[in-house]
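The primary structure of each chain is shown beneath.
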Amino acid sequence: MNYNFDVITEDCKKLYDKIGSNLAELRNKSVMVTGANGLLGGFTSDFISYLNDYHDFNVKLNLTSLSHRDNAARISHLLDKEYVTYFSWDLKKSLPEDQMPNVDFVFFMSGYGQPKKFISNKTSTIFLNTVGLNSLIEFYKKKPGTKILYVSSSETYGDPDESQMPIKESCNGNYSVESNRACYITSKRLGEVICFDHMQNSNNVKIVVARVALTYGPGTLTSDDRVLQNFIVNGQRNGKIQLLDDGSAIRNCLYITDCLEMMLNITLCGNQKVYNIGGEHEQVTIFELASIVADEIKVEVIKGESAKAEEIKFAPKRVILSLDRYNTEFGPLKDPVKLRSGVKNVVSWYNRLGEK
């Protein structure tokens, strides 16, 4: 498949121009990215590669995902670079210690972020955020000084009452263990508990937790069925965008470059254990998001029935995070990517596919 990597490179350039002067701590270091074949892991890997190729950062880049090397389509263009090492790891199992490198930074970006995927892989979802995560932390506790970013999710809040909006990090959340999303929510919460326990009992490792909400951007494969990608890929193939319900749920999306900027800040300089990472501009309903995509790819939007499909049956009605903690420490994002511009970039990413 011929994805448009030019848009990724341009995003890396814009992000470097914005924050490059703050990244000196990464120079001549070693980094591991788990979940490197996914949206967050793939872009993080591309950005670090950009730092090496264009600005001589000399970072050793260690990548891992469930995919075997020949199937790691998202990062296949990186795997032959001299500073890149790749190995496959099924995080449902303990880490393969014989393949683990000594690193300065770990970006734990593994997980089934796609509802259809975690709904159909409930036990695997739980184990990779617990068994895999714990074994990784146990290993790097023996290597004093390693910094770990654990990418959790705003899903940990479930579907809070409107009175708790925007949702602060202190919110305990609201969800049922009988929900079809409970495997993902509970596993991410357990992952956080594991991180907090290790931080309390060891000074050898620094861990920060990022509760990420609704990040989007170029880099997702056509097999990714999250909402924005689904709108673009299926809209182009079918000549229409078919919603699963009336599209009234409210979201606040965050573009991939803005997400990575925030995650790098908290990893390198954060003073708290956990941060919300999300957008705070341009609240949009799912129907409005579909309409923006439809304008870009020239198709129509059709609303679905009020009865919810299985994958959105227990999805929260509104996802609005409080960024007060992040903004107090680092200041609000300057010039966040506008939703229409971001959607245009995602469409551009797919427009060089050999299929419609």
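What you are looking at is a predicted structure, and each value in this text was computed from that prediction instead of being measured.

1. Things to note about the overall build of the protein
When you go through the protein residue by residue, the secondary structure sums to ten helices and 13 strands. By the compact-globule yardstick of 21 Å for 356 residues, the protein fits well, its C-alpha radius of gyration being 19 Å. Principal-axis analysis of the C-alpha atoms gives the protein an extent of 55 × 40 × 40 Å. Taking all 356 residues of the protein together, 57% fall into the buried category. Of all intrachain contacts in the protein linking residues separated by at least 6 positions in sequence, the fraction that spans at least 24 positions is 83%.

2. Examining the sheet that holds strand 1 (residues 30-34)
Pairing is parallel in the open sheet, where seven strands are placed in the order 3-2-1-4-5-6-11. At either margin of the open sheet sits one strand with a lone partner, and together these are strand 3 (84-88) and strand 11 (274-277). Between one strand axis and the next, the sheet turns by 20° as a mean value, whatever way the strands run. Pairing geometry for strand 1 and strand 2 (residues 60-65), over five bridges, is parallel. Note that in strand 2 the partner of Val31 across the bridge is Leu61. Each of strand 4 (105-108), strand 5 (146-153), strand 6 (205-212) and strand 11 is contacted by helix 7 (residues 256-269), which is oriented at about 155° to strand 6, the strand it contacts most.

3. Observations regarding the pattern of salt bridges
Throughout the structure, instances matching the rule amount to 16 salt bridges. Here Glu155 makes a salt bridge to Arg181, at a shortest N to O gap of 2.5 Å. Highlighted residues: Glu155 in the loop between strand 5 and helix 5 (182-201) and Arg181 in the loop between strand 5 and helix 5, separated in sequence by 26 residues. A salt bridge links Asp224 to Arg226, with the nearest nitrogen and oxygen atoms 2.5 Å apart.

4. Description of the packing of aromatic side chains
By convention here, two paired aromatic rings are described through the distance between centres and the angle between planes. Summed over all chains, the structure comprises eleven aromatic pairs. When the ring of Tyr50 is compared with that of Tyr54, the centres are 4.5 Å apart and the planes differ by 25°; the resulting orientation is stacked. Of this pair, Tyr50 and Tyr54 both sit in helix 2 (residues 39-55), separated by four residues, roughly a single helical turn. Since its relative accessible area comes to 8%, Tyr50 is described here as buried.

5. Thoughts on the environment of Ser348
Mapping Ser348 onto the fold places it in helix 10 (residues 339-350). Each residue touching Ser348, except ones within four places of it in the same chain, is listed here: Asn4 and Val7. A polar side-chain atom of Ser348 sits 2.9 Å from a polar atom in the side chain of Asn4.

6. Re the pairing of strand 4
Neither face of strand 4 is left uncovered, since the one carrying Phe105 and Phe107 and the one carrying Val106 and Phe108 both have all their residues buried. Here strand 1 runs beside strand 4; their pairing, made up of four bridges, is parallel. When the sheet's bridge partners are listed, Met32 is paired in strand 4 with Val106. Bridge count between strand 4 and strand 5: four bridges; the pairing is parallel. Looking at the pairing, Phe108 lines up with Tyr150 of strand 5.

7. Focus: empty space enclosed by the protein
Over the atoms, a rolling probe the size of a water molecule traces out where space has been left empty. Within this structure, the stated rule accounts for one cavity of 30 Å³ or more. Taken as a whole, the largest cavity holds about 30 Å³ of empty space. Secondary-structure elements contributing two or more residues to the lining of the largest cavity are helix 2 and helix 7. Looking at the lining of the largest cavity, the element that brings in the most residues is helix 2, giving three residues. Its residues assigned to classes, the lining of the largest cavity comprises six nonpolar, one polar and no charged.

8. Concerning the side chain of Asp245
Following the sequence through the fold, Asp245 ends up in the loop between strand 8 (240-242) and strand 9 (250-251). Here Asp245 falls in the buried class, since its relative accessible area comes to 10%. Engagement of the side chain of Asp245 in a polar contact is seen with the backbone nitrogen of Gly247, the distance being 2.9 Å.

Rules of the game
Residues numbered from 1 in each chain as written. Predicted model: local features only at pLDDT ≥ 70, side-chain atom pairs only at ≥ 80, totals over all residues. Heavy atoms only, no water. Helix = DSSP H or I, 4+ residues; strand = E, 2+ residues; numbered from the N terminus. Rg over C-alpha atoms; globule rule 2.2 N^0.38 Å. Buried < 20%, exposed > 50% of the residue type's maximum accessible area, 1.4 Å probe, protein only. Contact = heavy atoms within 4.5 Å. Pairing = 2+ DSSP bridges. Axes fitted to C-alpha atoms, helices over the stretch in contact; angles between N-to-C directions. Salt bridge = Lys/Arg side-chain N within 4 Å of Asp/Glu carboxyl O. Phe/Tyr/Trp six-rings, centres within 6.5 Å; stacked < 30°, edge-to-face > 60°. Polar contact = N/O pair within 3.5 Å; in protein donor to acceptor, adjacent residues only side chain to side chain. 1 Å grid on protein atoms, 1.4 Å probe; cavity = no way out; pocket = protein on both sides within 12 Å on 5 of 7 lines; lining within 4 Å. Points joined across faces, edges and corners; volume = space filled by probe spheres on them. Nonpolar A, V, L, I, M, F, W, Y, C, P; charged D, E, K, R; others polar.

Bear in mind that shape data such as this cannot, by itself, settle questions of function.
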